[in-house]
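Each chain is listed here by its residues.
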Amino acid sequence: MLSKTGNNRYSDECYTPDSAVAPILKYLDKSLTYYEATSGISSSIVSFMRSNGFNVISSNGLDFLNDELPEFDAVITNPPYSIKDKFIDKCYSLGKPFALLLPVSSIQGKKRGSMFSKNGLELLVLNNRVDFTGKGAPHFGVAWFCSGVLDEKITFTNN
């Protein structure tokens, strides 16, 4: 179990259910074009956002960290947890709004703490744990880690 949720490549495939995306939608601007940076294998975020009237570009297998990216206004994704620091750093370096779905424990960490202190951070905390596997009893909580998206620094919501 721990190997599936730890800081390793085996924990990276957590497909995002609509219930995890729905709470962030009310904070997003429908006039923007969003880039889903990890939608090469699965596109559940892309499909759900498009069905709710958002313009979303799928990564279609592009490497968010290394490839040249298409034009977009903001990033939304559930990044691979084993390389979350690289995703956070890349998002800040782009200078665009972003929303990253990450484990709540991601608030801690020397490197992340430094990035958050320097650049600011907004959190949309999901009060209910997200069941990524469909097997019930999720054992870790997640939150949307954002910049340029929320009005408040920390917002709590029932999902």
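Above this text sits the structure in question.
Given the structure is predicted, the values throughout are model-derived calculations rather than measurements.

Applying the stated criterion across every chain, the model contains seven aromatic pairs. With a centroid separation of 6.0 Å and an interplanar angle of 75°, the aromatic rings of tyrosine 34 and phenylalanine 54 are classed as edge-to-face. Note that tyrosine 34 is positioned in strand β1 (residues 33-36) and phenylalanine 54 in the loop between α3 (44-51) and β2 (55-58), a separation of 20 residues in sequence. Exposure class is identical for tyrosine 34 and phenylalanine 54. Each is buried. Centroid distance phenylalanine 116 to phenylalanine 145: 6.0 Å. Interplanar angle 35°. Geometry classified as tilted. Highlighted residues: phenylalanine 116 in helix α5 (residues 110-119) and phenylalanine 145 in strand β6 (residues 142-147), separated in sequence by 29 residues.

Attention shifts here to the environment of isoleucine 45. Tracing the backbone shows isoleucine 45 in helix α3. Taking relative accessible area as the criterion, isoleucine 45 reaches 1% and is therefore assigned buried. In this structure, the C-alpha to C-alpha distance between isoleucine 45 and valine 56, residues eleven residues apart in sequence, is 9.0 Å. Excluding anything up to four places from it in sequence, isoleucine 45 contacts Thr16, Val21, Glu36, Ile76, Thr77 and Asn78.

With that settled, consider the side chain of threonine 155. The residue threonine 155 is located in strand β7 (residues 154-157) in this model. Overall, the relative accessible area of 13% leaves threonine 155 in the buried class. The contact partners of threonine 155, leaving out residues within four places of it in the chain, are Tyr27, Leu123, Leu124, Val125 and Leu150.

What counts, and at which threshold
- Residues numbered from 1 in each chain as written.
- Predicted model: local features only at pLDDT ≥ 70, side-chain atom pairs only at ≥ 80, totals over all residues.
- Heavy atoms only, no water.
- Phe/Tyr/Trp six-rings, centres within 6.5 Å; stacked < 30°, edge-to-face > 60°.
- Helix = DSSP H or I, 4+ residues; strand = E, 2+ residues; numbered from the N terminus.
- Buried < 20%, exposed > 50% of the residue type's maximum accessible area, 1.4 Å probe, protein only.
- Contact = heavy atoms within 4.5 Å.

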